[in-house]
Amino acid sequence: MRRVQGAHWSLRAATAAAAALLTCTAACGSTDAGAGGEGTGESRSASPAPSHARFVADIPWSDGGRVGMYYAAGRGLMEQHKNTAGGPWSRPRLVYATEGDACQSITLKAFGDTVTAIADWGVYCADGEPPTESVAAVGTRKLATWDTKSTEDFDGWEKAATVPGTEDLLFTRSSTEWLTRLRWSPTGGFGEVEDIRRGNPS
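The paragraphs below set out a description of the structure included in this document. (Residues numbered from 1 in each chain as written. Predicted model: local features only at pLDDT ≥ 70, side-chain atom pairs only at ≥ 80, totals over all residues. Heavy atoms only, no water.)

With respect to the packing of aromatic side chains
Counted under the stated rule, the structure contains six aromatic pairs. Consider the rings of Phe55 and Tyr70, whose centres lie 6.2 Å apart with planes at 35°: the pair is tilted. Here Phe55 is found in the loop between α1 (2-45) and β1 (57-61), whereas its partner Tyr70 is found in strand β2 (residues 65-72), with 15 residues between them in sequence. We classify Phe55 as buried; its relative accessible area is 14%. (Phe/Tyr/Trp six-rings, centres within 6.5 Å; stacked < 30°, edge-to-face > 60°. Helix = DSSP H or I, 4+ residues; strand = E, 2+ residues; numbered from the N terminus. Buried < 20%, exposed > 50% of the residue type's maximum accessible area, 1.4 Å probe, protein only.)

Rendered as structure tokens:
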């Protein structure tokens, strides 16, 4: 009788050992699957996604590069760029500092290696109210340098364009009565804002 009980005990022990072995095998299988997942993650990280914020605007620039800008609450206008397609993004640069409430859009335009930006701020500006603070910005020297000009109590610049026959750029805003413009040159930077009254309609 003791032999039978001992045999039963041995059988239970063997069964428990087999169950433990199966559990270990399953766990090891899970570990291998996890390692496979980590390997996949490492494979993805070998080609990392571009490191940049959510841009309000970004455009092609230079030979295969891109430049993007966004508003940082309580800081101002931020810029990042990359020089080649697939290349790394530059570190965020504060182009213009302000604690104003940002508007909804930013206008970017490239003229060869030079990039212009128009950005606006104002109370309730994001809800459609006109801005009260507008900045014109020009980036040069592979965007290592940015010139800026802020205009207060102004509805904002509409566009930037080249001045024929020169390397100058002209920011403008038009109305039925006035042409407001701001000129930038590579040697002198920004000039003064000019308001030019349009001729009286005939």
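Considering the pattern of salt bridges
If you walk through the whole model with that rule in mind, you get six salt bridges. Across the salt bridge formed by Lys149 and Glu192, the nearest N and O atoms sit 3.8 Å from each other. Here Lys149, found in strand β8 (residues 145-152), pairs with Glu192, found in the loop between β12 (189-190) and β13 (194-197); they are 43 residues apart in sequence, far enough to count as distant. With a closest N to O distance of 3.9 Å, Arg173 and Glu158 form a salt bridge. (Salt bridge = Lys/Arg side-chain N within 4 Å of Asp/Glu carboxyl O.)

Any functional reading would require information beyond the geometric quantities listed.
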